[in-house]
Structures are given as structure tokens and as C-alpha cells.
Amino acid sequence: MSTLKQAIEDAGGAAAVAASCGVSARAIYKWAASGSLPRTEYTGETDYADRIARLAAERGNHLDAAALRVSAAPKRSAA
């Protein structure tokens with residue numbers, strides 16, 4: 001299981017993460033399938049990793065938002 005998938009589970013599942021991040025559950029499933037957070041997380045437009053970490057903490061699961069950003073960085077493709 002990828003780190004992002006585990007983080008989503010630790011945070012209460014796709015529906016909980018979607019509600020916290022203001023996106024659809026389908027978007028969360030896409031993140032999980034790709035194993036990466038969207039580009040906006042790395043351009044400073046969003047703070048999804050922080051939101052996921054907060055949800056996980058509320059459930060008693062420690063999650064480091066900075067480590068999640070690193071492990072869930074989009075894969076670069078060759079041009």
C-alpha cells in the first residue's frame with residue numbers, strides 16, 4: 001500500500017479527506033490511484049497534506065505532513 005493510500009485511511013477515508021479538502025471523493029480516489037497529491041500542493045496553492053495530517057491526528061494517528069508531501073510528489077516524466 002502506498003504512503004498516500006495509508007495516509008488517507010489514517011485520516012478517516014476518502015469521504016473525510018474530501019470534505020476536509022473541499023474536493024470530491026472521486027478526486028481523492030484519483031490521488032490514491034496515482035500515489036501523488038496534485039500539483040497545486042507543490043506550488044503553494046493548497047495545503048492538502050496539512051489537512052490530511054490534521055484529520056489523522058484527530059483519529060490518533062501521527063502523520064508528518066512534510067514527509068507526506070515528499071512521498072506523494074507527482075512522478076516526473078521525460079519530455
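First, a word on scope: everything that follows refers to the structure included in this document.

Criteria and thresholds
- Residues numbered from 1 in each chain as written.
- Predicted model: local features only at pLDDT ≥ 70, side-chain atom pairs only at ≥ 80, totals over all residues.
- Heavy atoms only, no water.
- Helix = DSSP H or I, 4+ residues; strand = E, 2+ residues; numbered from the N terminus.
- Salt bridge = Lys/Arg side-chain N within 4 Å of Asp/Glu carboxyl O.
- Buried < 20%, exposed > 50% of the residue type's maximum accessible area, 1.4 Å probe, protein only.
- Axes fitted to C-alpha atoms, helices over the stretch in contact; angles between N-to-C directions.
- Parallel < 35°, antiparallel > 145°, perpendicular 65-115°, else oblique.
- Left-handed = near helix turned anticlockwise from the far one by under 90°.
- Contact = heavy atoms within 4.5 Å.
- Nonpolar A, V, L, I, M, F, W, Y, C, P; charged D, E, K, R; others polar.

**Observations regarding the environment of Thr3**
Here's step 1: Position of Thr3 among the secondary structure elements: in helix H1 (residues 3–10).
Here's step 2: A C-alpha to C-alpha distance of 21 Å links Thr3 and Gly44, two positions 41 residues apart in sequence.

**Remarks on the pattern of salt bridges**
Here's step 1: Under the criterion given, the structure shown has four salt bridges.
Here's step 2: Salt-bridge contacts for Glu41 lead to Arg69; the nearest nitrogen and oxygen are separated by 3.0 Å. Here the residue Glu41 occupies a position in the loop between helix H3 (25–34) and helix H4 (48–58), and Arg69 occupies one in helix H5 (residues 65–71), the gap between them amounting to 28 residues.
Here's step 3: Among the residues examined, Glu41 registers a relative accessible area of 4% and is labelled buried.
Here's step 4: Between Asp50 and Arg69 there is a salt bridge; the shortest N-O distance is 2.9 Å. Of this pair, Asp50 sits in helix H4 while Arg69 sits in helix H5; the two residues are 19 residues apart in sequence, bridging distant segments of the chain.
Here's step 5: It is possible to trace a salt-bridge network through shared partners that takes in Glu41, Asp50 and Arg69.

**Digging into the packing of helix H2 (residues 14–21) against H3**
Here's step 1: The geometry of H2 relative to H3 is characterised by a closest axis approach of 8 Å and an angle of 110° between their N-to-C directions. As far as their axial angle goes, H3 and H2 are roughly perpendicular. In this structure, H2 meets H3 at a crossing whose hand is right-handed. Of the residues in H3, those in contact with Ala14, Val17, Ala18 and Cys21 of H2 are Ala25, Ile28, Tyr29 and Trp31.
Here's step 2: Residue classes in the contact of H2 with H3 are distributed as eight nonpolar, no polar and no charged.

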